[in-house]
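# Per-entry structural report
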Amino acid sequence: MLFTRKLTEGRSRLGDVTNGSSALAASAGRKQAPDGVILALVCVAQFMVVLDVSIVNVALPSIGHDLHYTPSGLQWVVNAYVLTFAGFLLLGGRAADLYGRRRVFIFGLALFSLASLFGGFAQTSDQLTAARAAQGLGGAVLSPATLTIIMTTFTDGRARNRAIGTWSSVAGAGGAAGAILGGILTSWLSWRWVFFVNVPIGALAIVASYRFLNETRRLDADHSLDIAGAVTATAGLSALVYAIVGTTTHGWGSPETLIPLAISAVLLATFLFIQARVAKAPLMPLSLFKSRSLSVANVVMALLGVVFFSM
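Residues numbered from 1 in each chain as written. Predicted model: local features only at pLDDT ≥ 70, side-chain atom pairs only at ≥ 80, totals over all residues. Heavy atoms only, no water.

### Regarding the side chain of Thr186
What counts here: Elements are defined by DSSP. Helices are runs of H or I of four residues or more, strands are runs of E of two residues or more, and each kind is numbered from the N terminus. A contact between two residues is defined here by any heavy atoms of the two lying within 4.5 Å.
By the element assignment, Thr186 lies in helix H7 (residues 157-188). If sequence neighbours within four positions are ignored, Thr186 has contacts with Ala59, Ser62, Trp191 and Val194.

### A short note on the packing of aromatic side chains
To be explicit about the condition: Note on aromatic pairs: the rings of Phe, Tyr and Trp (six-membered ring only in Trp) are paired at centre separations within 6.5 Å, and the planes decide the class, stacked below 30 degrees, edge-to-face beyond 60, tilted for the rest. The classification of residues rests on relative accessible area computed with a 1.4 Å probe and restricted to protein chains. Under 20% of the type maximum is buried, over 50% is exposed, and intermediate values are partly exposed.
For the structure on display, the rule yields five aromatic pairs. Seen in terms of ring centroids, Tyr81 and Phe85 are 6.2 Å apart; in terms of plane orientation they differ by 10°. Their pairing is stacked. Here Phe85 and Tyr81 lie together in helix H4 (residues 76-99), a separation of four residues that amounts to about one turn. For Tyr81, a relative accessible area of 0% puts it in the buried group.

### Points about the packing of helix H5 (residues 101-121) against helix H9 (residues 198-212)
Which entries qualify depends on this criterion: Axis definition: a line fitted to C-alpha atoms, limited for helices to the stretch in contact. Angles are taken between N-to-C directions and run from 0 to 180 degrees. Note on angle classes: values under 35 degrees are labelled roughly parallel, values over 145 roughly antiparallel, values of 65 to 115 roughly perpendicular, and the remainder oblique. Each crossing gets its handedness from the near helix: less than a right angle anticlockwise from the far helix is left-handed, clockwise is right-handed.
Running from amino to carboxyl end, H5 crosses H9 at an angle of 160°, the nearest separation of the two axes being 9 Å. When the axes of H5 and H9 are compared, the pair comes out roughly antiparallel. Helix-helix and strand crossings are classified by hand; for H5 and H9 the assignment is left-handed. Each of Arg102, Phe105, Ile106, Leu109, Ala110, Phe112, Ser113, Ser116 and Leu117 in H5 lies in contact with H9, whose residues at this interface are Asn198, Val199, Gly202, Ala203, Ala205, Ile206, Ser209 and Tyr210.

### Examining a nonpolar patch on the surface
Convention followed: Here the term patch refers to residues with relative accessible area over 30% and no salt bridge, with like charges joined within 9 Å and nonpolar side chains (Val, Leu, Ile, Met, Phe, Trp, Tyr) within 5 Å. Here the accessible surface of atoms and residues is derived via Shrake-Rupley with a 1.4 Å probe, and residues count as covered only by protein chains that are part of the display. One speaks of a salt bridge when a side-chain nitrogen belonging to Lys or Arg is within 4 Å of a carboxyl oxygen belonging to Asp or Glu.
A cluster of nonpolar side chains, namely Ile180, Ile184, Trp188, Leu189 and Trp193, defines an oily patch on the protein surface of about 600 Å² accessible area. With respect to the helices and strands, Trp188 occurs in helix H7.

### Things to note about the pattern of salt bridges
All chains considered together, the criterion is met by one salt bridge. Residue Arg132 pairs with Asp52 through a salt bridge whose shortest N-O separation is 3.6 Å. Placement of Arg132 in helix H6 (residues 125-153) and of Asp52 in helix H2 (residues 35-54) is noted, with a sequence separation of 80 residues between them. Overall, the relative accessible area of 0% leaves Asp52 in the buried class.

This is how it looks when you write it as structure tokens:
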């Protein structure tokens, strides 16, 4: 997740630098809201997205008991969210450029909030896992839209850096606050409130978005969407995690482990082939990794992500 977020941020910055003269379509006849209001709105949305990675952790025992999850299956309350979020994050950023930042931002908020509502009302483990996957998809649409709104709102370099610093700090606070807030909600109310809490915040954010955000989108961009790349990346990572999680009950040399690993390898290899040869507008142009600083930074961020989730 950290890797793909940083890559999205890098692509957004690169796009703004190299395409500074690119045409933008903006809604006319509306007064621009104060920059501080816009920044607060996108920070609230980003806080929600990151919060939901960790807010369920304290509630997992209660969720597993009430919905009859198996010990290995309970991990998918977290994995379903993180994998769909990571797999579709770059596609979400591309959609924001093509179809309008405000429109995609509101769509992501609505999907995330509705999925949270369904998750809170879930009666079976399958229903909750599906709701978490839908939450991840909503987050993948919402998170890059918050960043692109910042990049188009704050055009001055110093103001933009401050805005991105605030955005990053709020995201970090969301991850740290998740365990505390999840514990409070689970102890005082119910584990279902770790999902319900998103609904009123999301509804208010949607109303504020209609009121304060202007619509902008790229006019000169190639309108190709690399859906195949997003699907193969997400499915490949899901198969890999499924194989690793399954080693708690099956050996590394068993068919139950080797078959998902083989499927994962095929899907991820297909993803790389799509990026290199097929996609007109690849989600992850492999030429990016010719930059040594970018490659080293991505390796470091990936290792930080591994350490964080293992902890």
